[in-house]
Amino acid sequence: MRHAAALFVIAAITTAIATSSAAQAPRSPTPPLSEAPIRTTIVAKGLEHPWGLAFLPNGSMLVTERAGRLRLVDKDGQLGKPIAGVPQAQVAGQGGLLDVAVSPTFAQDRLVYLSYAEPGEGGAGTAVARARLDAGKFNDLQVIWRQVPKVSGPNHWGSRLVFARDGTLFVTTGDRFAHRERAQDLATTIGKVIRINADGSIPQDNPFVKRGGARPEIWSYGHRNVQAATLHPQTGQLWTVEHGARGGDELNHPQAGKNYGWPVITYGVDYSGARIGEGQAKPGMEQPVYYWDPVIAPSGATFYTGDVFPEWRGSLFIGSLRPGALVRLTMSGDKITAEERYLGDAGRIRDVAQGPDGLLYLLTDEADGRILRVEPVKTK
Ligand SMILES: [Ca+2]
């Protein structure tokens, strides 16, 4: 039955591609929820709108709460006290303490990276800070990157943190909702994917380092609100998922210097129903790899590389805030070959991570948010 459903999904995607013009990206067929031999276990609860989850080398977890706290959660789900010394975030709307990433060389440097909504002149902006985690405290806090300029408004901050294999750090941002035209303006870091070195300095091979008037930390531009980002396990390249307006959520594979179109081209329309920009395609602007209409409100993504679910290896898992599900994309090279959705009753999924045990871990975006572990159900 499940096999038949998957075949139907592939057929629907193929049809969508065949009947659209060359400029059209493949559209999600919006599959119904699938049954999979999995169940979820609650690892921890009592987290206030948890936003980002990262594993330490010893298997314990660091979890941010949007309300401004960072906690260590041990393998048994015991919540530690809030870690002292984290940056003060502006907690309002979608803003607050957001993502967390562990240094790839944590065993030597004990560095932990946080993204957050930083208040300041002009309003607030997405920022990234790092500190050494020692004895449950944040030491030697440094702000290594700040959105330019800061603007008013509580929404669209990005802001996932992903270390590339070369040690550089990708930071995704958002268009800050009322500033969408600035996603096209290379003099700002609103609506961009950013690439910096681990100390915040600029990699000299970034695409705009030699362009006058452009911010040198920009990797790609024309993004709306990128709340999911992860590295492809084979290529090591960045993949992102961004919130569109109504009908315009996108999967992208952002490459150096390229323009991903927002708000000039998009598959979405404004919440009022009004058209946005010039259409769905334009020379010089990239098409998404895949898009969702109706939207999934994506947040958090990871490619699965573990051994516990061999049939999932190479799939991209994405959290859906609304309608709420764990979305699985099956891929062949850079193409999406099927979509399935699981766990429709899990609520708003804010982040998805693979644990060192090869299981998937999810955060639920609730006032009493949870860490869920996705486990196989053995069928005999
Ligand atoms: Ca786009």
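Residues numbered from 1 in each chain as written. Predicted model: local features only at pLDDT ≥ 70, side-chain atom pairs only at ≥ 80, totals over all residues. Heavy atoms only, no water.

Side note on the coordination of the calcium ion
Then, in step 1: Donor atoms from the polypeptide that coordinate the calcium ion comprise Glu250 (OE), Glu250 (OE) and Tyr260 (O), at 2.3 to 2.5 Å from the metal. Taken as a pair, Glu250 in strand E15 (residues 249–252) and Tyr260 in the loop between E15 and strand E16 (290–292) lie far apart in primary sequence, 10 residues in all. Accessibility assignment for this pair places Glu250 and Tyr260 in one class, buried. (Donors = N, O, S within 2.8 Å, 3.2 Å for Na, K, Ca; no water. Helix = DSSP H or I, 4+ residues; strand = E, 2+ residues; numbered from the N terminus. Buried < 20%, exposed > 50% of the residue type's maximum accessible area, 1.4 Å probe, protein only.)

Re the sheet that holds strand E13 (residues 226–231)
Then, in step 1: Here 4 strands make up an open sheet; going across it, the order is E13-E14-E15-E16 and the pairing antiparallel. Of all the strands in the sheet, the pair left with one neighbour each is E13 and E16. Each strand axis lies, on average, 15° off the axis of its neighbour in the sheet, ignoring direction.
Then, in step 2: Sheet analysis places E13 next to strand E14 (residues 238–242), joined by 5 bridges and oriented antiparallel. Residue pairing for E14: Leu231 is matched across the bridge by Leu238. (Pairing = 2+ DSSP bridges. Axes fitted to C-alpha atoms, helices over the stretch in contact; angles between N-to-C directions.)

Overview of the environment of Lys45
Then, in step 1: Along the chain, Lys45 turns up in strand E1 (residues 38–47).
Then, in step 2: Separated by 34 residues in the primary sequence, Lys45 and Leu79 have C-alpha atoms spaced 8.5 Å apart.
Then, in step 3: Non-local contacts of Lys45, meaning those with residues more than four positions away in its chain, are made with Leu79, Asp368, Gly369 and Arg370. (Contact = heavy atoms within 4.5 Å.)

Side note on the pairing of strand E3 (residues 61–65)
Then, in step 1: Counting buried residues in E3 gives 5 out of 5 residues, a clear majority hidden from the surface.
Then, in step 2: With burial as the criterion, each face of E3 is covered, one bearing Met61, Val63 and Glu65 and the other bearing Leu62 and Thr64.
Then, in step 3: Pairing between strand E2 (residues 50–55) and E3: 4 bridges, direction antiparallel. Across the sheet, residue Ala54 finds its bridge partner in E3, namely Leu62.
Then, in step 4: What sits between E2 and E3 in their antiparallel hairpin is a turn of 5 residues, with Gly59 showing a positive phi close to 95°.
Then, in step 5: When E3 meets strand E4 (residues 69–73), the two strands line up antiparallel, connected through 5 bridges. Across the sheet, residue Leu62 finds its bridge partner in E4, namely Leu72.
Then, in step 6: Taking the residues between adjacent antiparallel strands as the criterion, E3 and E4 are bridged by 3 residues, where Gly68 takes a positive phi near 120°.

Function cannot be read off these values alone, since they describe shape.
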